[in-house]
Amino acid sequence: MAKTFKQAIVVGASSGIGAEIARQLAATGCRVGLVARREEELHALNRSLATPGKVFIHDVRQYDEVPALFQQICRELGGLDAVFYTAGILPRQEPEEFDFALDKLTVEVNVLGLMAWGHEAAQRFKTQGEGAIIAISSVAADRGRRGMLSYAASKAATDSYMESLRNRVGRYGVRVVTIKPGPVDTPMIAGMPNMPFMISAGVAAQRTITAAQHGATTVYVPFIWRPIMGVIRLIPSFLFQKLNL
Ligand SMILES: NC(=O)c1ccc[n+]([C@@H]2O[C@H](COP(=O)([O-])OP(=O)(O)OC[C@H]3O[C@@H](n4cnc5c(N)ncnc54)[C@H](OP(=O)(O)O)[C@@H]3O)[C@@H](O)[C@H]2O)c1
């Protein structure tokens, strides 16, 4: 049954898909805890929301802050029924570049931050017997790419973590939803060459919220990426190595 969210957290709400999710949730009367590092962007977003939310400044690499911050947000919102983890980075790397510092940062933001928030949400929702945990993965999770070593790895880890979480808490009524977009027109990919089947952040957000409301498990956005990635996954490694992907 479709669920309407009354209180939600969006981690990574200051820009792109996260900001649009917050806007669309607020339009339905949901109170949103807006989490990210950029204070001005979050306050500006909050002022524009149909239902005012609350701003929380947080760097997702500060893992130790998460348990107390999570409880604080739940108290201030007066409850919680969804957590959207949309924080992420896509480092610009040359195909031949090895940069461990950048790789570490990518895993910290895209994976470890998700685990810190996902663990808190899973424990609360398991006790509640309901709730939704949503993470934005990517089609990039489906194959290792020479041009995005750590990004592809971080998204594959996202898929695996979310599946494990679903297998752990799905039986207690918790919805665990993995969203796998292709290119989305946000600051993350600004300046990159034109990409196929690009969608707006608004459309990505709308599909994400709908998937969460219906308790879907893994959703390609737009849907066309499911058969495309199905074919790409079948390309044998010796051939894939020769492709410029
Ligand atoms: N755009 C695409 O084409 C595309 C495609 C597939 C998947 N995705 C995924 O979708 C998600 C959202 O991306 P987007 O396109 O909306 O990107 P975006 O516009 O660049 O937004 C990224 C968000 O992540 C937050 N963030 C980054 N580092 C953070 C940190 N250390 N602590 C807290 N928040 C942090 C940013 O907030 P602050 O900088 O204010 O902290 C911002 O709110 C990402 O996981 C991305 O990988 C995007």
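Now for a description of the structure that goes with this document.

About the cut-offs
- Residues numbered from 1 in each chain as written.
- Predicted model: local features only at pLDDT ≥ 70, side-chain atom pairs only at ≥ 80, totals over all residues.
- Heavy atoms only, no water.
- Buried < 20%, exposed > 50% of the residue type's maximum accessible area, 1.4 Å probe, protein only.
- Helix = DSSP H or I, 4+ residues; strand = E, 2+ residues; numbered from the N terminus.
- Pairing = 2+ DSSP bridges.
- Right-handed = clockwise from strand over helix to strand, strands pointing away.
- Near = heavy atom within 4 Å.
- Polar contact = N/O pair within 3.5 Å; in protein donor to acceptor, adjacent residues only side chain to side chain.
- Nonpolar A, V, L, I, M, F, W, Y, C, P; charged D, E, K, R; others polar.
- Axes fitted to C-alpha atoms, helices over the stretch in contact; angles between N-to-C directions.
- Parallel < 35°, antiparallel > 145°, perpendicular 65-115°, else oblique.
- Left-handed = near helix turned anticlockwise from the far one by under 90°.
- Contact = heavy atoms within 4.5 Å.
- Expected span 1.5 Å × (residues − 1).
- Bend = angle between axes of the 7 residues up to and from the residue.

1. Examining the pairing of strand β1 (residues 7-11)
Stage number 1. Where burial is concerned, most of β1 is hidden: 5 out of the 5 residues are buried.
Stage number 2. Every second residue of β1 is oriented toward a common face, with Gln 7, Ile 9 and Val 11 on one face and Ala 8 and Val 10 on the other, all of them buried.
Stage number 3. The pairing of β1 with strand β2 (residues 31-36) spans 5 bridges and is parallel. Residue pairing in the sheet places Val 11 in a bridge with Val 35 of β2.
Stage number 4. Handedness of the crossover joining β1 and β2 through helix α1 (residues 16-27) is recorded here as right-handed.
Stage number 5. Taken together, the 4 bridges between β1 and strand β4 (residues 82-85) define a ladder with parallel strand orientation. Looking at the pairing, Ala 8 lines up with Ala 82 of β4.

2. Thoughts on the site of the ligand
Stage number 1. In the vicinity of the ligand lie 31 residues, with Ser 14, Ser 15, Arg 37, Tyr 151 and Thr 186 positioned nearest.
Stage number 2. Arg 37 places a side-chain nitrogen or oxygen 2.7 Å from an oxygen atom of the ligand.
Stage number 3. In the model, a nitrogen atom of the ligand is placed 3.0 Å from a nitrogen or oxygen of the Asp 59 side chain.
Stage number 4. Those elements that provide at least two residues to the shell around the ligand are α1 and α5 (149-169).
Stage number 5. Residues that form the shell around the ligand fall into these classes: 15 nonpolar, 11 polar and 5 charged.

3. What to know about the packing of helix α3 (residues 66-77) against helix α4 (residues 100-128)
Stage number 1. The contact between α3 and α4 brings their axes to 10 Å, and the two run at 50°. Classified by the angle between their axes, α3 and α4 sit oblique to one another. Viewed along their axes, α3 and α4 form a crossing whose handedness is right-handed. Seen from α3, the contacting residues are Val 66, Pro 67, Leu 69, Phe 70, Gln 71, Ile 73 and Cys 74; seen from α4, they are Ala 116, Trp 117, Glu 120, Ala 121 and Arg 124.
Stage number 2. The class makeup of the residues in the contact of α3 with α4 is 9 nonpolar, 1 polar and 2 charged.

4. Observations regarding the environment of Asp 81
Stage number 1. Structurally, Asp 81 can be placed in the loop between α3 and β4.
Stage number 2. On the basis of relative accessible area, Asp 81 is assigned to the buried category, the value being 8%.
Stage number 3. Residues in contact with Asp 81, not counting those within four places in the same chain, are Lys 3, Thr 4, Phe 5, Lys 6, Gln 7, Phe 125, Gly 131 and Ala 132.
Stage number 4. Reaching out from Asp 81, the side chain makes a polar contact with the backbone nitrogen of Lys 6 at a distance of 3.3 Å.

5. Some remarks on the packing of α4 against α5
Stage number 1. In the contact formed by α4 and α5, the axes pass within 9 Å of each other and the chain directions differ by 10°. Here α4 lies roughly parallel to α5, going by the angle between them. In contact with Leu 102, Asp 103, Thr 106, Asn 110, Val 111, Leu 114, Met 115, Gly 118, His 119, Ala 122 and Lys 126 of α4, α5 contributes Ser 150, Tyr 151, Ser 154, Lys 155, Ala 157, Thr 158, Tyr 161, Met 162, Leu 165 and Val 169.

6. Let's talk about α4
Stage number 1. Compared with an ideal rise of 1.5 Å per residue, which puts 29 residues at 42 Å, α4 spans 40 Å between its outermost C-alpha atoms and is within 8% of the ideal.
Stage number 2. A bend of about 35° at Glu 108 is the largest found in α4.
Stage number 3. Where α4 terminates, the next one or two residues include Gly 129, which has phi positive at roughly 80°.

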